[in-house]
Amino acid sequence: GTPDAGFTSASASTWCRTRALASCLRQVRCLSLSESSLTDCVARTADSCDQLAFTTGVDAGRLGFDSVKAVTCLNDFASGSCAVEPASCASVFTGRVPADGGCVTTTDCNESSFCDVYSGTCPYRCRAFGQLGEGCDFFRRCAPTLGCYRGDGGAETCQPIKRPGEACVDFD
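Here the residue numbers are simple positions, counted from 1 along each chain's written sequence. Predicted model: local features are reported for residues with pLDDT of at least 70 only, side-chain atom pairs are reported and counted for 80 or more only, and whole-chain, interface and lining totals are derived from all residues. Hydrogen atoms and water are omitted, and side-chain values are computed over all heavy atoms in the structure.

### Observations regarding the overall build of the protein chain
Right, on to step 1. Note on conventions: DSSP H or I runs of at least 4 residues are helices, E runs of at least 2 residues are strands, and numbering of each starts at the N terminus. Scanning the protein chain from N- to C-terminus turns up four helices and seven strands.
Right, on to step 2. Secondary structure of the protein chain in N-to-C order comes out as α-α-α-β-α-β-β-β-β-β-β.
Right, on to step 3. Whereas a compact globule of 172 residues would reach a radius of gyration of roughly 16 Å, the protein chain reaches 20 Å, over 25% beyond that.
Right, on to step 4. Each residue is placed in one exposure class: buried if its accessible area under a 1.4 Å probe, protein chains only, is under 20% of its type's maximum, exposed if it is over 50%, and partly exposed if it falls in between. Each of the 172 residues in the protein chain was classed as buried or not, and the buried ones make up 33%.
Right, on to step 5. Summarising the internal contacts of the protein chain: among those between residues at least 6 apart in sequence, 42% fall at separations of at least 24.
Right, on to step 6. Residue burial considers only the protein chains on display, and all accessible areas are found by Shrake-Rupley using a 1.4 Å probe. Here the protein chain displays about 10,200 Å² of accessible surface, and carbon together with sulfur accounts for 54% of that area.
Right, on to step 7. For the charge count, each Lys or Arg is scored as positive and each Asp or Glu as negative, with His and the chain ends excluded. Think of each charge as sitting on NZ of Lys, CZ of Arg, CG of Asp or CD of Glu. Here the protein chain contributes 15 positively and 20 negatively charged side chains, and the mean placements of these two sets differ by 2 Å. Both definitions apply: the radius of gyration is a C-alpha atom measure, and the globule rule equals 2.2 Å times residues to the power 0.38. The contact rule is simple, with two residues in contact once any of their heavy atoms fall within 4.5 Å.

In structure tokens form, the structure reads like this:
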């Protein structure tokens, strides 16, 4: 679709360039980029996006692509924050690889797992998120609704995320 009327279509195979255009048009709207620099901005922004990973991920079934959410994401760049990516962009691609499956990028794993890029394997491995009370550290991540906190004994475990003002463990 044309940017003049808003974006009306999006595809996984052209995602990086189309998203770059939306992002750069936002910079023009926010007066941080001149229109004469738009072409350079799109090229530079698209180059920092791994189009091959998205295309092959979708083609191989590791990633799902929602074209309706993609169009919403692209059009959301036209309003709102001049600095933060629109929240609607977070769900354009969804990981489909279950825990213990192979992942090539951090977006390949489904909602119950994460891509362990430090696994020392090729491809990397999707690892299940730690659940309440399970051990955690830099390599063993907690489920998104949990945080990794150090207890009285010094061991780190997955616990409910602390709310602002809630007490933390005092090590003094």
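Moving on from the coordinates now.
### Details of the pairing of strand E5 (residues 124-128)
Right, on to step 1. The criterion for strand pairing is that DSSP finds at least two bridges linking the strands in question. In the sheet, strand E3 (residues 102-103) pairs with E5 via two bridges, with the strands oriented antiparallel. From the neighbouring strand, Cys103 faces E5, where its bridge partner is Tyr124.
Right, on to step 2. In this sheet, E5 lies alongside strand E4 (residues 113-116) in antiparallel orientation, the contact comprising four bridges. In the strand pairing of E5, Asp116 is matched with Arg125.

### Focus: the side chain of Arg26
Right, on to step 1. Within the element layout of this structure, Arg26 appears in helix H1 (residues 15-29).
Right, on to step 2. When a carboxyl oxygen of Asp or Glu is within 4 Å of a side-chain nitrogen of Lys or Arg, the pair counts as a salt bridge. The charged side chain of Arg26 is buried without a salt bridge, its nearest counter-charge being Glu85 at 7.1 Å.
Right, on to step 3. For Arg26, the residues in contact, after removing those within four places along its chain, are Phe77, Ser81, Cys82, Ala83, Val84, Glu85 and Pro86.

### Side note on the packing of H1 against helix H2 (residues 38-47)
Right, on to step 1. In this description, a line fitted to the C-alpha atoms serves as the axis of each element, helices being fitted only across the stretch in contact, and the angle between N-to-C directions of two axes falls anywhere from 0 to 180 degrees. Packing of H1 against H2 brings their axes to within 8 Å, and their N-to-C directions diverge by 135°. Of the possible angle classes, the one that applies to H1 and H2 is oblique. Two packed elements cross with a definite hand, and for H1 against H2 that hand is right-handed. Facing H1, whose interface residues are Cys16, Arg17, Ala20, Leu21, Cys24, Leu25, Gln27 and Val28, H2 presents Leu38, Cys41, Val42, Ala43, Thr45 and Ala46.
Right, on to step 2. Of the residues belonging to the contact of H1 with H2, the class tally is 11 nonpolar, two polar and one charged. Orientation categories follow fixed angle ranges, with anything under 35 degrees roughly parallel, anything over 145 roughly antiparallel, 65 to 115 roughly perpendicular, and all other angles oblique. Each crossing gets its handedness from the near helix: less than a right angle anticlockwise from the far helix is left-handed, clockwise is right-handed. Just so you know the grouping, Ala, Val, Leu, Ile, Met, Phe, Trp, Tyr, Cys and Pro go in nonpolar, Asp, Glu, Lys and Arg go in charged, and all remaining residues, Gly too, go in polar.

### As for the environment of Cys136
Right, on to step 1. Mapped onto the elements, Cys136 comes out in the loop between E5 and strand E6 (146-150).
Right, on to step 2. When its relative accessible area of 3% is taken as the criterion, Cys136 is described as buried.
Right, on to step 3. Here the alpha-carbon distance between Cys136 and Leu31, two residues 105 residues apart in the chain, equals 44 Å.
Right, on to step 4. If we skip the residues at most four places from it in the chain, Cys136 touches Cys142, Cys148, Tyr149, Glu156, Thr157 and Cys158.

### A word on the pattern of salt bridges
Right, on to step 1. All chains considered together, the criterion is met by five salt bridges.
Right, on to step 2. A salt bridge links Asp108 to Arg62; the nearest nitrogen and oxygen atoms lie 2.9 Å apart. Of this pair, Asp108 sits in the loop between E3 and E4 while Arg62 sits in the loop between helix H3 (51-59) and strand E1 (63-65), and the two are 46 residues apart along the sequence.
Right, on to step 3. For Asp108, a relative accessible area of 0% puts it in the buried group.
Right, on to step 4. Look at Arg62 and you get buried, because its relative accessible area is 16%.

### Observations regarding the packing of aromatic side chains
Right, on to step 1. Classification of ring pairs uses Phe, Tyr and Trp, with its six-membered ring standing for Trp, and accepts pairs whose centres are within 6.5 Å; under 30 degrees between planes counts as stacked, over 60 as edge-to-face, and the remaining range as tilted. Enumeration over the complete set of coordinates arrives at eight aromatic pairs.
Right, on to step 2. Residues Trp15 and Phe93 carry aromatic rings whose centres are separated by 5.9 Å and whose planes lie at 75° to one another, so their mutual orientation is edge-to-face. Here Phe93 lies in strand E2 (residues 93-95) and Trp15 lies in helix H1, a separation of 78 residues in the sequence.
Right, on to step 3. The exposure class assigned to Phe93 is buried, which follows from its relative accessible area of 13%.
Right, on to step 4. With centroids separated by 5.5 Å and ring planes inclined at 35°, the aromatic side chains of Phe114 and Phe129 adopt a geometry described as tilted. With Phe114 in strand E4 and Phe129 in the loop between E5 and E6, this pair connects stretches of sequence that are 15 residues apart. Phe129 carries the same exposure label as Phe114, and that label is buried.
Right, on to step 5. Two conditions define a charge located above a ring, namely a distance within 6 Å from the ring centre to NZ of Lys or CZ of Arg, and an angle within 35 degrees of the ring normal. The ring of Tyr149 has Lys162 lying over it, and the distance from NZ or CZ to the ring centre is 5.3 Å.

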